[in-house]
Amino acid sequence: MERVMSLASQRAVVIFSKSSCDMCYTIKTLFRELGVNTEVYEIDGDPRRRETERVLARLGLRPIVPAVFIGGQLVGGTNEVMALHLSGSLIPMLRQAGAIWL
């Protein structure tokens, strides 16, 4: 748990992803289009993949990726991020975390 939380707090926006995941691609594209410089951890290439998957599952993520952290706090997966975006709450959250300055 400590390793995942440490990685999640290294940048304003951190995404745990799998390279073959379509929803991960969608979320990474959304943040890129918003001008956010994210830190992406592709867990499918990580030798500690199983440990990371267990931690993300313990945090309540189903499916476990994409796992989006903003300002070091777990926001959730695709549904939660898209709901924030559609409600107009995502950009203010990104501003507060220092991920964008617009």
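The model shown is predicted, which means the values in this text are computed figures rather than measured ones.

Observations concerning the overall build of the protein chain
- For the protein chain, the helix and strand inventory stands at five helices and four strands.
- Across the protein chain, helices and strands are ordered from the amino to the carboxyl terminus as α-β-α-β-α-β-β-α-α.
- Against the 2.2 N^0.38 benchmark of 13 Å for 102 residues, the protein chain shows a C-alpha radius of gyration of 13 Å, consistent with a compact globule.
- Dimensions along the principal axes, computed over C-alpha positions, put the protein chain at roughly 40 × 25 × 20 Å.
- Once local pairs closer than 6 in sequence are excluded, the contacts in the protein chain between residues at least 24 apart make up 63%.

A word on helix H2 (residues 22–33)
- Along its 12 residues, H2 runs 16 Å from first to last C-alpha, staying within 8% of the 16 Å computed at 1.5 Å per residue.
- Along H2, the residues that are buried comprise Cys-24, Ile-27, Lys-28, Thr-29, Leu-30 and Phe-31.
- Here the buried face of H2 lies against strand E1 (13–17), strand E2 (39–42), strand E3 (67–70), helix H4 (78–87) and helix H5 (90–97).
- A positive phi of about 85 degrees marks Gly-35, the residue just after H2.

Considering the packing of aromatic side chains
- Overall, the coordinates contain two aromatic pairs when judged by the stated rule.
- Relative to Tyr-41, the ring of Phe-16 has its centre 5.4 Å away and its plane inclined at 25 degrees; by these criteria the two rings are stacked. Residue Phe-16 is found in strand E1, and its partner Tyr-41 is found in strand E2; the two are separated by 25 residues along the sequence.
- Centroid distance Phe-16 to Phe-69: 5.7 Å. Interplanar angle 75 degrees. Geometry classified as edge-to-face. Taken together, the residues span a long stretch of sequence, with Phe-16 in strand E1 and Phe-69 in strand E3 at a distance of 53 residues.
- According to the relative accessible area criterion, Phe-16 is buried, its value standing at 1%.
- Phe-69 sits in the buried class, given a relative accessible area of 0%.

Reading guide: rules and limits
- Residues numbered from 1 in each chain as written.
- Predicted model: local features only at pLDDT ≥ 70, side-chain atom pairs only at ≥ 80, totals over all residues.
- Heavy atoms only, no water.
- Helix = DSSP H or I, 4+ residues; strand = E, 2+ residues; numbered from the N terminus.
- Rg over C-alpha atoms; globule rule 2.2 N^0.38 Å.
- Contact = heavy atoms within 4.5 Å.
- Expected span 1.5 Å × (residues − 1).
- Buried < 20%, exposed > 50% of the residue type's maximum accessible area, 1.4 Å probe, protein only.
- Phe/Tyr/Trp six-rings, centres within 6.5 Å; stacked < 30°, edge-to-face > 60°.

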